[in-house]
Amino acid sequence: MSLLDIRVPAVLLRIDRNPFHHGTLGAVRSLGRAGVEVHVVADCEGSPVRRSCFVRGMHAPPPPGASPAEVARVLHRVATRVGRPAVLIPMDDAGAVAVGRTRAELAPVYLLPAMPGALPERVADKAELAGMCASLDVAHPETLVPDSAREAATAVARLGLPAVAKWSRPWLVPAGSGLRSTVLVRSAQQARELYARAGEAGSRLLLQAFLPPGPDRDWFFHGYADSGGLVRAGGTGRKQRARPRGAGLTSVGRWTDNPEVHVLAERITEALGYRGILDLDFRRCGRTGRYHLLDFNPRPGAQFRLFTDTAGLDVVRALHLDLTHRPLPEGAPRPGRAFVVENYAPLSALRPAPAGRELAWHAPDDRAPGRAMWHLWGRHAAGRLRDRLRQGPTGRFTRLAR
């Protein structure tokens, strides 16, 4: 008998059109294995996710750049097809923000955590996050928001080079623009050029002091804040490898106890009154030893399945149990457990894992997505190689020199 109420389906929403988003597959499998009917609202036409045996229904997503009202209309159409109230789980920041803004409209047909609708947008906005950290006395990289190209150049001079450039609302950056949510700025001219593209990016440019990565410096915390504000499930993890190196998503992570990070994450969650699934990124300063909050993601992190305890509880299952008024089982943590994204860290996926490991794509009870991923990844890699060859020897040598 399932711990979850299998009479209540789940709807996963992802607006970002990344075919390699393994977090969506993780949520499909977590709920599907428990017997929950899972529907996916995402652009999965070419994605391995649609091959999962645990997907009950695929639904067309909102168009790129859709307003929150348009997202809500799509979700209402999906609710009509599902036919009964469902647990709604945004899988990216854009979805979390849209659901937060339209919570009152969605509440009659979806089960949602009870929190202020504006809070997901506030924590996801990088400029707002810097202000919140200051008010909560939480360490955060020094952040400047320039009002002109000249101020952008002055800001990096003050912060020192290299500096980190971020768009305040990265979910608004249009696909195909060539802009990235976060880049390392190495000159004042680069800062000026980025500022000039703020209109295209759709939000303000932020410049931050650079905290160098290093061994044991990059940490993350995943959890679920229940209806009473108690943080359940999840845990603290150490980022062992990232793509791109030193800044990107976790390609290899390990469940590692870190009481200081755990207490800090709980303090932040309580102070904000946050409810629901959260994913926080921290970097320890090599000079002061303090943990700086880099990101507050109001949704499941892509590697959330790392934190699956001995009772099979993870943050997605915790959300479903809490919103359907079921008790959460008391499982034991599994420190040392690893999570590996095979296409980003293939050698790590082949190494022994004495404390246990979960792969992002391959699963013995759901093999089709893993096979589809390697086929798609081969096409992706071949396309990137063709693009590099078209640029000629000069372009290739320049990249290698950097």
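Residues numbered from 1 in each chain as written. Predicted model: local features only at pLDDT ≥ 70, side-chain atom pairs only at ≥ 80, totals over all residues. Heavy atoms only, no water.

(A) Main features of the overall build of the chain. Secondary structure summary: the chain contains 14 helices and 16 strands in total. Relative to the globule expectation of 21 Å for 402 residues, the C-alpha radius of gyration of the chain, 21 Å, shows essentially globular dimensions. Taking all 402 residues of the chain together, 55% fall into the buried category. Taking as baseline every contact in the chain between residues at least 6 positions apart, the subset at least 24 positions apart corresponds to 65%. Accessible area for the chain stands at about 18,300 Å²; split by element, carbon and sulfur atoms hold 52% of it. A distance of 7 Å separates the average location of the 57 positive side-chain charges in the chain from that of its 37 negative side-chain charges. (Helix = DSSP H or I, 4+ residues; strand = E, 2+ residues; numbered from the N terminus. Rg over C-alpha atoms; globule rule 2.2 N^0.38 Å. Buried < 20%, exposed > 50% of the residue type's maximum accessible area, 1.4 Å probe, protein only. Contact = heavy atoms within 4.5 Å. Areas by Shrake-Rupley, 256 points an atom, 1.4 Å probe, with all protein chains shown as cover. Lys, Arg positive; Asp, Glu negative; His and termini not counted. Charge placed at Lys NZ, Arg CZ, Asp CG, Glu CD.)

(B) Structural view of the environment of R150. As for its placement among the helices and strands, R150 is situated in helix α7 (residues 149-159). Relative accessible area serves as the criterion here: at 69%, R150 is assigned to the exposed category. Separated by 87 residues in the primary sequence, R150 and G237 have C-alpha atoms spaced 40 Å apart.

(C) Looking closely at unusual backbone geometry. Cis geometry marks the peptide bond from L161 to P162; its omega dihedral reads -5 degrees. Located in the positive-phi region is H325, a residue other than glycine, with phi close to 60 degrees. Note that H325 resides in the loop between α11 (315-323) and β15 (338-340).

(D) Molecular detail of helix α10 (residues 259-272). Here α10 is 14 residues long and its end C-alpha atoms lie 20 Å apart, about the 20 Å a rise of 1.5 Å per residue gives. Buried residues of α10: V261, L264, A265, I268, T269 and L272, and no others. The buried residues of α10 occupy an angular sector of 130 degrees when projected down its axis, which confines them to one face. Relative to its buried face, α10 has exposed residues pointing more than 90 degrees away, namely P259, V263 and E270. Buried residues along α10 sit in contact with α5 (119-124), α6 (126-136), β10 (218-225), β11 (231-243), β13 (276-284) and β14 (291-297). Taken from the residues just after α10, G273 is the one with a positive phi, measuring 70 degrees. (Expected span 1.5 Å × (residues − 1). Arc of directions from axis to C-beta.)

(E) Focus on the side chain of N258. As for its position among the elements, N258 is in the loop between β12 (249-255) and α10. Its relative accessible area of 8% is what places N258 among the buried residues.

(F) Structural detail: the pattern of salt bridges. Under the defined criterion, the tally for this structure stands at 21 salt bridges. Here D43 ties to R17 by a salt bridge, and the two come within 3.6 Å at their closest N and O atoms. Pair noted here: D43 is in the loop between β2 (38-41) and β3 (55-59) and R17 is in the loop between β1 (10-13) and α1 (22-33), with a separation of 26 residues, a long-range link. Here the residues in one salt-bridge network are R101, E121, D125 and R169, joined through shared partners. (Salt bridge = Lys/Arg side-chain N within 4 Å of Asp/Glu carboxyl O.)

(G) Structural view of the confidence of the model for the chain. Averaged over the chain, the pLDDT score is 93; the fraction of residues at 70 or greater is 97%. Across residues 394-402, where pLDDT falls below 50, the model places four contacts with residues more than four positions away in sequence or in other chains. (pLDDT = per-residue confidence, 0-100.)

(H) The nonpolar core, seen in detail. L12, V28, L31, V40, I89 and V316 are the most contacted members of the largest nonpolar core, which totals 44 residues. Put simply, the parts of the chain that give this core at least two residues each are β1, α1, β2, β4 (86-90), β10, α11 and α13 (368-390). When sequence neighbours within four positions are dropped, the list of residues in contact with I89 reads V11, L12, L13, L31, I277, P300, V316 and L319. Core analysis: the second largest hydrophobic core is formed by 23 residues, V231, V261, A265 and L293 among them. (Core = buried A, V, L, I, M, F, W, Y, C linked by side-chain atoms within 4.5 Å.)

(I) Broad picture of the packing of aromatic side chains. Inspection of the entire model under this criterion finds five aromatic pairs. Seen from their ring centres, W255 and F307 are 5.2 Å apart, and the 75 degrees between their planes marks the pair as edge-to-face. Taken together, the residues span a long stretch of sequence, with W255 in strand β12 and F307 in the loop between β14 and α11 at a distance of 52 residues. Grouping residues by exposure puts W255 and F307 together as buried. A centroid spacing of 5.4 Å and a plane angle of 75 degrees characterise the contact between Y344 and W377, whose relative ring orientation is edge-to-face. Of the two residues, Y344 is situated in the loop between β15 and α12 (346-350) and W377 in helix α13; the sequence distance between them amounts to 33 residues. A relative accessible area of 13% places W377 in the buried class. (Phe/Tyr/Trp six-rings, centres within 6.5 Å; stacked < 30°, edge-to-face > 60°.)

(J) Structural view of the pairing of β12. The element β12 is largely enclosed, with a buried count of five among its seven residues. Direction of pairing for β11 relative to β12: antiparallel, over a ladder of six bridges. From the neighbouring strand, K239 faces β12, where its bridge partner is G253. Sheet topology places β12 next to β15; three bridges connect them, and they run antiparallel. For R254, the partnering residue across the bridge sits in β15 and is A338. (Pairing = 2+ DSSP bridges.)

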